[in-house]
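As a plain string of letters, each chain reads:
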Amino acid sequence: MKSTFILISTCILLYSFINQEVAAEVSGFTNPTDTIVLDTLFVNETTTTDHFQGFKIKRGGDLIFRFIITNLLNYSLDISASSGDGGLIIDHYTKRILKPKELEEIVYIFHTKGREGGFSKTMTVAYKPQGESYKNQKVILRGVSGVIE
Amino acid sequence: MLAVIKPKAMQEPNIITKVILTQPQSFIEANLPRLCYLVTGVNPIDNKSVSVSLVDNGGFQFTKLSDENSFNYSNAGIKDKNDFLKKLDEYFNKTNQAITDAFANQKIKTQFFPRAYMKPISASPNYNSKGAVKAVVSWTAVYKIEIPAYENPITRRTEYANLINGGIEITLSAGGKILSFKYNLLPVSSQKSAALYKVVADESAVPQLVYLLNKNTNTVAPFYLSATETAYIPASRESIPPDEEPGEAFKNPMGFDKDRIVVWLMNPDVKKRKLKIFDFFAPRKKDSDNNLPAGAKLIRLEPASETDENTPCVYWWEGSYHQKDFPERSLGKNNNIITELSGQVLQNDVEHLLSRISSYEKKQDEYDKVIKSIRDFSKKLLTKEQIDNGLIKLNSSLQLNKNDKPATILTWQKVLSDVYNPKVNETTNFFDEVLILPLSYDWFMEDKNSITPTLSTYYEETWQGDPLLNRFVGDSGEVVLDENDLIKVKSELLNLRSFVLKTAAKNSPEAAWLQNLTKESLNRIKLIVFVHSATWHYRTEKYAESAALENSFGVFKLSPVLNLLIHEFTGHSNFLFFATGTKPDGTPSDRHIDVKDTEATWNKVSKSGLGSLKQNEDFIDHLYQSHRALGSIALAVIISKISNL
């Protein structure tokens, strides 16, 4: 139900931002939660870095970061998501190939066990036109930071 | 099973072996600056251009951090390998004499370089990794310690045995300056004879004799290396094993155990458990051709029941996968099994990996060279002596020295960049932009319990309190590549460079390393790697969180920390960028392999056989607890050290 709502919201946002570059801003998370939905990542020939700050997390739990990626280009993209470790890993996404205007949900999981204090982790989405060499690959970084309390 | 009979119980005359007595490690410790000066010509006191530290097993190491003040023991340059070895021979003579003279008034009888036992196992040039012209920049030699252990009663020939946890590595610049020196040994003070214990064995091959350096007993003494056990068996009264991990009791559990998925065959004849006295005069029985040799890597699947003595295993042998039952008791937990067939086992593991990485071919020129080096090496069948020498060389060159992490990291980064250093652009290669931090949580916390805890307090206030800097605690490692994060970390490293000189850690290798950082040198860095606190202590761990570390090939395996670094480099960079993955449910992943991934794959194969994986190499990665692309870099590093023995 929640996913459906996110998808519908994203589609509306997609039409609003169809000709814009990456739009991602912190939406002001203050309360500890198990799942945090980040702003949609619009891919439009960009390598912009996003920062999402100010998260407060309970120690020892697992935290999920999820966001929608949307291909705003007029050709299919080969995407791959990765992480910079430190407890943050890919949980799931289903499609490597994203057709024009297509959406995909990417979910990361952050294991906080054994960690405390401030944290800053990086999620990465690399993309290239489908069928082209990796030399044409571009990388978008999404940083999430906050405190494990 | 291997047991020994002590001399009193023996009927035949004793076979005499040799035990070497050494100076204690405290001798090295007490005289470290002086010994360093005598050996390298460099005074290490307050010298930030060098790093000098003790080695855990015994001995010390010296590493030059910058180009200045290196000891030039010879005015002439090095012409070739023979010239290099000749110069080293002269150097050993002179240094032995200098050390004898220096300690003459203390009446300490010591032979620093035991030349009678030292045997070069490699001497090769090192080339510059940049520029169009391939030029020799330095030469490295590794010496093993080979000891005449006993006279064989049949052949009347002297049988030699290697010291396997020690050796000497020395690197000279092309101009003859000492760049690094690893003395994983203790100076010899004397030698004595001892009776060689007779063996009771159910093994078909002669148990191998090896020597071990024990810094607690100041001895280099002989041990039997059994193909059926992972422990060292004392071979004389003086043979006291160095500290080891205790062995585990036999069991055949049903469920998933991450530490018992990849296992190694200890002895194919273990079913025939008939004890016999090992007799030097008895004819030797060779392994049957039908048997898999000891040391072969197996994937242990779920047994039919807890009472079943056999366990189904899958394995790769001679070009394809097989499934067969093996006695549970024959499945060992480590790959340190050396037999006459170890070369064959290594070759099989190399061929297996080669078959798994074929899909990565022609994706990147630099990686194609890695594949070529593995393919070339796969055609070689190493002898047992080459395997023995390779182990010594690998341990001498690439072991983690926890007392000198900067020197260790420097060595690792050099060897990694030599085997795989992809271009970022026309003028820059990957490792030009990489900084691996040799700093650790333990180092920051060293003065925690002192009266004036300055460094630990600084760490807690500065590093631990800042989200961008708090990256030293955990069970794996992490990379920083975001521009803002990089600026913050670099700035704090420069602050720490100044601050550390006001603390008790000012003479540590880490402090010396920090002094060599400059704003300019940091400017080019685009990826900083942190190693977490627990990771530095890993020994046999299969995972560092979701990084699989089981990259072994025959008896060879790199430090878990080095395997983790190879994993970390792939965090969204030019390093193995094509190496993505697939989760057990078929969805995309990156190069991570979680324990859960291995468990899901293992359950599937235990239930339905290897065919259920449909030859998907990502699933094979999960099962073998090793991402094949990362494993290939680990193998290329190993090959670079053992291919020219």
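A quick note: this is a predicted structure, and the numbers were derived from the prediction, not measured.

For chain B, the helix and strand inventory stands at 16 helices and 29 strands. Scored against the burial criterion, the 645 residues of chain B give a buried share of 48%.

Looking now at the overall build of chain A. The secondary structure content of chain A amounts to 1 helix and 10 strands. For chain A, the α and β elements follow one another from N to C terminus as α-β-β-β-β-β-β-β-β-β-β. Relative to its 149 residues, chain A shows a buried fraction of 36%. Contacts in chain A between residues far apart in sequence, at least 24 positions, make up 70% of those at least 6 positions apart.

Taken together, the contact between chain A and chain B spans 32 residues of the former and 34 residues of the latter. Listed by contribution, the elements that provide at least two residues to the side of chain A that touches chain B are strand E5 (77–83), strand E6 (88–92), strand E9 (117–129) and strand E10 (138–148) of chain A. No other element matches the 7 residues that E9(A) contributes to the side of chain A that touches chain B. Split by residue class, the side of chain A that touches chain B holds 10 nonpolar, 19 polar and 3 charged.

Residues and elements named next belong to chain B. If you trace the 5 strands from one edge of the open sheet to the other, you get E19-E18-E17-E15-E20, paired in antiparallel fashion. Sheet topology places strand E19 (320–327) and strand E20 (331–332) at the edges, where each strand pairs with a single neighbour. In the sheet, strand E15 (residues 262–265) pairs with E20 via 2 bridges, with the strands oriented antiparallel. Bridge assignment links Leu265 to a residue of E20, and that residue is Leu331.

Attention now moves to the sheet that holds E10(A). Sheet strands line up and pair through hydrogen bonds in the backbone, either parallel or antiparallel. All names here are of chain A. The strand order E3-E10-E9-E5-E7 describes an open sheet built from 5 strands, whose pairing is mixed. Single-partner strands in this sheet number two, and they are strand E3 (50–57) and strand E7 (97–98). As defined by bridge partners, E3 adjoins E10 across 6 bridges and the pair is classed as parallel. If you follow His51 over to E10, its bridge partner there is Gly143.

Residue and element names in this part refer to chain B. Across chain B, the average pLDDT comes to 87, with 88% of residues at or above 70. For the stretch residues 269–290, pLDDT sits under 50, and the model shows 30 contacts to residues farther than four places along the chain or on other chains. Interface confidence in the predicted complex, given as ipTM, is 0.77; pTM for the same model is 0.79.

With that settled, consider the environment of Leu468(B). Topologically, Leu468(B) is positioned in the loop between helix H9 (454–463) and strand E22 (477–480). Here Leu468(B) falls in the buried class, since 20 other C-beta atoms lie within 10 Å of it. Between the C-alpha atom of Leu468(B) and that of Val489(B), which follows or precedes it by 21 residues, the distance is 7.3 Å. Excluding residues within four positions of it along the chain, Leu468(B) makes contact with Ser120(A), Asp485(B), Lys488(B) and Val489(B).

Next up on the list: unusual backbone geometry. Of note, Lys101(A) is a non-glycine position whose phi angle comes to about 70°, a positive value. For Lys101(A), a count of 13 C-beta atoms within 10 Å corresponds to the partly exposed category. A positive phi angle, near 50°, is found at Glu318(B), a position not held by glycine. Assessed through the 9 C-beta atoms surrounding it within 10 Å, Glu318(B) is described here as exposed.

All names here are of chain B. Within helix H15 (residues 617–624), 7 of the 8 residues are buried, which leaves it mostly tucked inside the rest of the structure. Within H15 the residues assigned to the buried category are Asp618, Phe619, Ile620, Asp621, His622, Leu623 and Tyr624. Buried residues belonging to H15 abut E15, strand E17 (297–300), helix H4 (342–356), strand E28 (581–582), helix H14 (595–608) and helix H16 (628–642). Immediately downstream of H15, the backbone of Gln625 shows phi near 55°, a positive value.

Calculation rules
Residues numbered from 1 in each chain as written. Chains lettered and ligands numbered in written order. Predicted model: local features only at pLDDT ≥ 70, side-chain atom pairs only at ≥ 80, totals over all residues. Helix = DSSP H or I, 4+ residues; strand = E, 2+ residues; numbered from the N terminus. Buried ≥ 20, exposed ≤ 12 C-beta atoms within 10 Å, placed from the backbone. Contact = placed C-beta atoms within 7 Å. Nonpolar A, V, L, I, M, F, W, Y, C, P; charged D, E, K, R; others polar. Pairing = 2+ DSSP bridges. pLDDT = per-residue confidence, 0-100.

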